[in-house]
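Commentary on secondary and tertiary structure
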Amino acid sequence: MRIDGENGTLLSPGSSAASNSSADEMIENENHSLRDRMADLEKKVHEQTDEIMCLRSTLADVLRRLSTVEGAGRLTTTREGPGRATPTKDQGGRGRHHNHDNREVFKRVASSSSSNIPGRSVSTSHIRRPNSGSLHNLTNLRNATSQLNLTRHGAREAQYNPDEGVVKLYLRGRPLNLYVPTSVQETYSPTSPSVPPAAKLKLEWVYGYRGRDCRNNVFQLPTGEIVYFVAAVVVLYNVEDQMQRHYLGHTDDIKCLAMHPNKLLIATGQTAGHDRRDARSWRLNPPADHLSPEAEEWPHVRIWDSVSLNTLHIIGISDIERSVACLAFSKADGGSLLVAVDEAPDHNMSVWDWSRGERGYKLLETKCSADQVLAVDFSPVDRSTIITCGKNHISFWSYDSGMLAKRMGIFENRERPKYVTSISFTDAGNVISGDSNGNLLIWQRGGNTVYKMVRGAHDGPVFSILVQKDGAIITGGKDGQIVEWDRELERTGNTIEIPEQFGSPRVVTSGRGTQLVVGTTRNCVLEGTFTFPMRPVMQGHTEELWALAPHPGHHQFLTAGYDRTCYLWDTMAHTIVWSKDIGEPAQSAAFSNNGEIVIIGTTSGRWFVMDAETREMYSQHQDGNEPIQVVKFSPNGQYLAVGSRDNNIYVYQVSEDCRKYTRIGRCQGHSSFVTHLDWSADSQFLQSNSGDYELLFWNGGLCRQIVQTAQMRDVEWASNTCTLTFATLGIWPEGADGTDVNTCTKANHSSVLATGDDFGKVKMFNSPACHQKARCLEYSGHSSHVTALGFLHDDSRLISTGGRDTAVMQWVVSATSSSTSSQH
């Protein structure tokens, strides 16, 4: 017997011999097919009836709530411009691509986004923000708007029909039928209480560094640790001892870092959090408690102790409008002042007596520049002198009697650069600047005119200037060169060429002895000297990260992303085993069951078969022209399922030790792109989710949809990565729109389920999480949507990947007898 790969029909060798019995079988098959189609039509009619009822009830609920809000007359708004519709997933992948400049504290209801309510436009333009600055009124506003938001999405409690054994989950007003396993039908209730899991997570290691768009963010501490940041984590890395510590106080992207002159205190500034409100409204009407957890979602600066990792001061909440661009402590007075520059349109600069109270004391604030500001620093010899630089300017500020006087740098007849990219000070107080033309300029202390110029110090922008204790000057440029100069800016002859694979030196700082520590534009941290070559101590991805595949037998995992690079990581040595440039942005990955082969799916519909040890490419295949969202081997290793953004699942026969792949069919039926899929434990069936919140089932070998979904209620699944199943009903928060949870995975040997969402959170649930609002443990660290999760083969660790934060985080899984509702 063989299988027709196009339509999944079973063909017998003797099928050509027509007989009466075979004719009867054909008629019976036709009748069976007709019954299936009729059942499918009946199912669709029932679903449409449910949707109509849902829309009617939603409309009535909206009208009632609007009437209540209008009658109360308590809430008003001063919003600028029309509301925006809830963002949807980008075409490039499953998770929403956050824009930190456009996040809101809640998803607003607007006439442009209420198409799910026929015949009625819903608007919140009549809702005003409370005039009072109290958190009580703020809470009232959020609760009222949250209720409207739930109405907009048609969110309802899950409904259970014990007679049919089916529970309806509503997402964006659409009902999804989930069949309850026979063993729990009699006792099941979707609202039953649940408990958080006993297993907890502890952040063990962070792979990655943010150098692609940040400057002056690597320092060596007296403890020997290198301090830098990635995502919402500040990493303190002792290279010799191979130990990391992590400061986890921030809630979103860290953008800058400054070290106090005592080399013990650190200041770090972040952008607005995932739930921030409109910044102008905040500045006009801040809450009474600036240090509440709600307030810490806003752009601010945290000053903390690098030894104890305790937060000492939080400053700038309600004062910083968009994000902290750059920071610096004063030097001449021992670090009593802190200067911060905002990334708002006017690039406001504020000077703080940071140690006065928990929130510090703002001494003054002024508009810094209409153009981008790249760096700010205090003079080491003049307490009242501050220098800023950036696009089209270098500015000299004098602080006196609570006022700041500004003088623009005068280039006279010298070439004026488009950007002044870096600044530093000599021990005499002169300013050294580097610019986008590759030139170095010296500005005399107290003046704003050029004293000396070195043309062509670098071929391209000068990214970093380091003045050492002995007066020697070291510069790093976009040309990949690190150059040493004497006090008079004459070359000493010492140079370092950074290999192109690591990028250009973005920041150069002093390490131990004669060592240099370098952060690069390709998110690497290097160590070395002018005598010994640079070696990487940390590497990371440089663009959006989606693909993750834990090794089935070793403490290793593979990641791949839009930077066209695949890395195989060792979780015990915390190093890269190998890297491979595959030439295309990667979207998904999977190991074969024996761990010898890696499948990598790309954004162009192509997928590669690669040797996991030698990196040899055995073959490549093309399925459509859309991204390959997910690839997964069956438990018996005989099939490979390839889920595409073209709405199809392609099934391949696997042979020759996973080196040969023959397509046997295509699963067609989804009306939107495939997001997740799982094989059954016996390798016969597939379940899959799509972008429009469908859960479909398939006969994997025949590539045919199973329309009688009730038959699948007791199937045991080999994995649990589909986010819309009975076992994952409880992972969806109230008001979720179906795109909030990007990824989930079940532990291999324990009843624990982990999820990653659009808000940078990793959550741990008991599995199955089949009760609505299931309790969980919540962990922070990522500053972007969490795109993938995976347990190692022995469940000792969980790996998580962030989308745009490009960070890979390694969490230790520990089981304890007691647990709490959350962990930060």
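The shown structure was predicted, so the numbers you read here are calculated from the model rather than taken from an experiment.

**Thoughts on the confidence of the model for the chain**
Scored by pLDDT, the chain has a mean of 84; 79% of the residues are at 70 or more. Per-residue pLDDT stays below 50 along residues 72–155; that stretch engages in 201 contacts with residues further than four places along the chain or on separate chains. Per-residue pLDDT stays below 50 along residues 817–824; that stretch engages in 20 contacts with residues further than four places along the chain or on separate chains.

**Some thoughts on the packing of aromatic side chains**
By the definition in use, this model includes 18 aromatic pairs. Judged by centre distance (5.1 Å) and plane angle (90 degrees), the rings of Tyr160 and Tyr188 are edge-to-face. Of this pair, Tyr160 sits in strand S3 (residues 159–161) while Tyr188 is found in the loop between strand S5 (174–179) and strand S6 (199–207), placing the two residues 28 residues apart along the sequence. The exposure class assigned to Tyr160 is buried, which follows from its relative accessible area of 19%. By relative accessible area, Tyr188 is classed as buried at 6%. Centroid distance Tyr209 to Tyr228: 5.8 Å. Interplanar angle 85 degrees. Geometry classified as edge-to-face. Remark: Tyr228 occurs in strand S8 (residues 226–230) and Tyr209 occurs in the loop between S6 and strand S7 (219–220); sequence separation between them is 19 residues. In this structure an aromatic cluster arises from ring pairing among Tyr207, Phe557, Tyr567 and Trp569. Across from the ring centre of Tyr361, 4.2 Å away, lies the NZ or CZ of Arg356, which sits over that ring.

**Overview of the sheet that holds S5**
Pairing is antiparallel in the open sheet, where 3 strands are placed in the order S3-S4-S5. The open sheet is flanked by S3 and S5, the only strands paired with a single partner. Strand-to-strand, the axes of this sheet are offset by a mean angle of 25 degrees, without reference to chain direction. For S3 and strand S4 (residues 166–171), the ladder comprises 3 bridges, and the chain directions are antiparallel. Of the residues in S4, the one forming a bridge with Gln159 is Lys168.

**Some details on the pairing of strand S29 (residues 481–485)**
Taking burial as the measure, the 5 residues of S29 include 4 buried ones, the bulk of the element. For strand S28 (residues 473–477) and S29, the ladder comprises 4 bridges, and the chain directions are antiparallel. Bridging from a neighbouring strand, Thr475 pairs with Val483 of S29. Following S28, the chain reverses through 3 residues before pairing antiparallel with S29; Gly480 in that reversal takes a positive phi of roughly 85 degrees. Taken together, S29 and the strand that follows it, strand S30 (residues 491–497), pair antiparallel across an intervening segment of 5 residues, in which Leu489 is found at a positive phi of about 60 degrees.

**What about empty space enclosed by the protein?**
Using the criterion set out here, one finds 4 cavities of 30 Å³ or more in the structure. The volume enclosed by the second largest cavity comes to roughly 60 Å³. For the second largest cavity, the lining is made up of 11 residues, of which Thr251, Phe759, Lys761, Ser780 and His782 are closest to its centre. Of the residues that constitute the lining of the second largest cavity, the class distribution is 2 nonpolar, 7 polar and 2 charged.

Parameters and conventions
- Residues numbered from 1 in each chain as written.
- Predicted model: local features only at pLDDT ≥ 70, side-chain atom pairs only at ≥ 80, totals over all residues.
- Heavy atoms only, no water.
- pLDDT = per-residue confidence, 0-100.
- Contact = heavy atoms within 4.5 Å.
- Phe/Tyr/Trp six-rings, centres within 6.5 Å; stacked < 30°, edge-to-face > 60°.
- Helix = DSSP H or I, 4+ residues; strand = E, 2+ residues; numbered from the N terminus.
- Buried < 20%, exposed > 50% of the residue type's maximum accessible area, 1.4 Å probe, protein only.
- Lys NZ or Arg CZ within 6 Å of the ring centre and 35° of its normal.
- Pairing = 2+ DSSP bridges.
- Axes fitted to C-alpha atoms, helices over the stretch in contact; angles between N-to-C directions.
- 1 Å grid on protein atoms, 1.4 Å probe; cavity = no way out; pocket = protein on both sides within 12 Å on 5 of 7 lines; lining within 4 Å.
- Points joined across faces, edges and corners; volume = space filled by probe spheres on them.
- Nonpolar A, V, L, I, M, F, W, Y, C, P; charged D, E, K, R; others polar.

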